[in-house]
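Topology and contacts: notes
The primary structure of each chain is shown beneath.
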Amino acid sequence: MHFEQPLDLLTPEVFNQDFGYVEGTYLDHAGAALYPRSLVEAISNDLCTNLYMNPHSNPDSGGEFVYLHENHTSVLGMRNVDNVLKNIIPVRNVTREYVFNTIAERHRQQREYALQIMQRNVGQQEVRQEIGHLRHINRGNSLFAYPAQCNFSGYKYPMNWVNEVQMGVLERKPENPSRWFCLLDAAAFVSTSELNLGVVQPDFVCISFYKMFGLPTGLGALLVRNTSAHVLQKQYFGGGTVRIAMASPPTQFLKTVLHERFEDGTAHFHGIVAVGHALNWLESSGLDMIMISDHCHRLIRYLFHALREIRYYNLRPAVLIYADSNYEDPSIQGPIINFNLLDENGSILGYNTMMNIAEAEGIYLRVGCFCNPGACQRHLEISDYQYMGFFVEAGHECGDDIDKVGVMPTGSIRVSVGLYTRRMHIDTLIYAIQRFVLSRTPRIYAHPDAVVNIIRGNRPGRV
C-alpha cells in the first residue's frame, strides 16, 4: 500500500498488561472504550481498602468528588478548564444531560428545531439555512445543541459554531432579541481528541466517562461555563439538593452551590471514585490527547485507504464507504469509519454478512443505525417514507437483525478505534474482508480436451 503505515501507540508489554484480557479484535471504541486491567485493579483495591459511604449519611465521604473537581479537570482531554468553568455536575448519563431542561424561559419549538438540526447530521450550509428559521420564533433564552463529533461517520463539526452562536449570529434580527446558549456534546470527541476550552468556550459541555475509560457506565458530567451558570433555573428538587424542605406548606430552598443543587438523590459515589482512578491512569500513562488523536487518525486513515482498494475479480469495489471527509485532516475527521459491503455486481449486502465474517474472525464491531437515524437516512439515501415503511410493513425495529428490506439496507457497519487499537487489529479486519471477496471469485473450469492437449504438449506421452 502506498500510504503511510501507522505505528502502535502502546508497547506490546503495556498492551498485554492492560488489554490482553480481550480475546479477539475490538473495533467498537465509539460504543465503549476498553477498560485497562490495572485500572480495574486500582479501583478494586481502593474499594476493598476504604469505606465510601452515602454522602448523605456521611458528608465527609463526599470529598472524592471535590478531589476529582479540583485536581483532575485538566486531564479530561480538555485544556484551560479552570479558566472558564467552575462547575462540574455529575449526572446519570449523557442522554439525561441533553434533556436537562433547565434553561430559563425555554421554548419547546426552538429546542425542537435545534435538536432536528443536530439529529439529521447535516452540513454547515444546511445548518445556516435552518437557523435562519429560528430567528422568527418567540423571544427568550434558547439552547443550540450539537455534537462535536458525529457518531455515525466520525465527522467533526466546526467548533466555530460555538463562537458564532455566542457572538449573536442567531440574534441579529432586532425583532428577535432571544439570547442563545450553546451546549456542546463532547462525549465521543474527548475520548480521542483534545478540547481546548480556552479557545472554544461553550456555555455547557457534556461528557461521558465510559466513552473515555470504559467505566463507570451510567456516569457523565455536565460542565457549566461561569458566565452561564445563572440561567440554570431548576424547576424541581430531589434529596440532597435543598437547604430546607417542608411538606406543608410545600416550601423548599435550594442549595447555593450549583453542582449540589443539581445532584438529585444519592450521587454515584463509587463511580466518582472510579473516575478519579481513571484520570490517574491516563495521567500516569505518559500519553496525552494529542498523541492519542494522532495515533487514532493514522489508524483510521490507513483503514480508509485499504478498504477503498479491495476489489472483486471484475475490478468492482467491494466496500461502499459513507464519509463526510477524505480522512486526510484529523481536525475534521474522527477515528470512525462507516461502510457496507458490496457484491461483485455492485449491490449492497446486508450488514449481517459482515457480522457473520466478524463472528468467524473474532472481530467486535457495530452494525445498525447507531441511534442516529438522521445520519443513517442521509448516507444510505433512505427517504422518510421508506424508513417508516421498514417499520410498518417489514416490522424492522431498532436493534433487530433485519439488515435489508427488499434491496434497501436498513443500516451499515461501523468501525472505531482508540488508544489501545493496534495496526494488527486493523489488518485483521482488512484480511477478513479480502478473504470474503476472494471466496466469491468464480472457479474457471477448462474443457477436458483442452486440458488433455495442454498436458500432452508439456509432457509428451502422458495424460
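Our subject is the structure listed above.
Residues numbered from 1 in each chain as written. Predicted model: local features only at pLDDT ≥ 70, side-chain atom pairs only at ≥ 80, totals over all residues. Heavy atoms only, no water.

Below, the discussion takes up the packing of helix α2 (residues 37–49) against helix α11 (residues 269–284). When two helices pack together, their arrangement is given by the angle between their axes and by how far apart the axes lie. Direction vectors running N to C along α2 and α11 enclose 135 degrees, while the axes themselves pass 9 Å from each other. Between α2 and α11, the angle is such that the two are oblique. As α2 runs across α11, the sense of the crossing is right-handed. Within the contact between the two elements, α2 uses Ser38, Leu39, Ala42, Ile43, Asp46 and Leu47 and α11 uses His270, Val273, Ala274, His277, Ala278 and Trp281. Across the contact of α2 with α11, the residue classes tally to eight nonpolar, three polar and one charged. (Axes fitted to C-alpha atoms, helices over the stretch in contact; angles between N-to-C directions. Helix = DSSP H or I, 4+ residues; strand = E, 2+ residues; numbered from the N terminus. Parallel < 35°, antiparallel > 145°, perpendicular 65-115°, else oblique. Left-handed = near helix turned anticlockwise from the far one by under 90°. Contact = heavy atoms within 4.5 Å. Nonpolar A, V, L, I, M, F, W, Y, C, P; charged D, E, K, R; others polar.)

Bringing the packing of aromatic side chains into the picture now. Taken as a whole, this structure holds 13 aromatic pairs when the rule is applied. On the numbers, 5.6 Å between centres and 65 degrees between planes, the contact of Phe152 with Phe370 is edge-to-face. Here Phe370 lies in the loop between β14 (366–368) and α14 (373–380) and Phe152 lies in the loop between β4 (141–147) and α8 (160–166), a separation of 218 residues in the sequence. Per residue, the accessibility class of Phe152 equals that of Phe370, and both read buried. Ring pairs connect the aromatic residues Phe15, Phe19, Tyr26, Trp281, Tyr364 and Tyr420, which therefore count as one cluster. Over the ring of Phe262 we find Lys234; its NZ or CZ atom is 5.5 Å from the centre of that ring. Cation over ring: Arg422 sits above Phe15, and NZ or CZ is 5.0 Å from the ring centre. (Phe/Tyr/Trp six-rings, centres within 6.5 Å; stacked < 30°, edge-to-face > 60°. Buried < 20%, exposed > 50% of the residue type's maximum accessible area, 1.4 Å probe, protein only. Lys NZ or Arg CZ within 6 Å of the ring centre and 35° of its normal.)

Before going further, it helps to examine the pairing of strand β10 (residues 251–254). Sheet analysis places strand β9 (residues 242–246) next to β10, joined by four bridges and oriented antiparallel. Each residue of the ladder has a partner; that of Met246, found in β10, is Thr251. Connecting β9 to the next strand, β10, in antiparallel fashion are four residues. (Pairing = 2+ DSSP bridges.)

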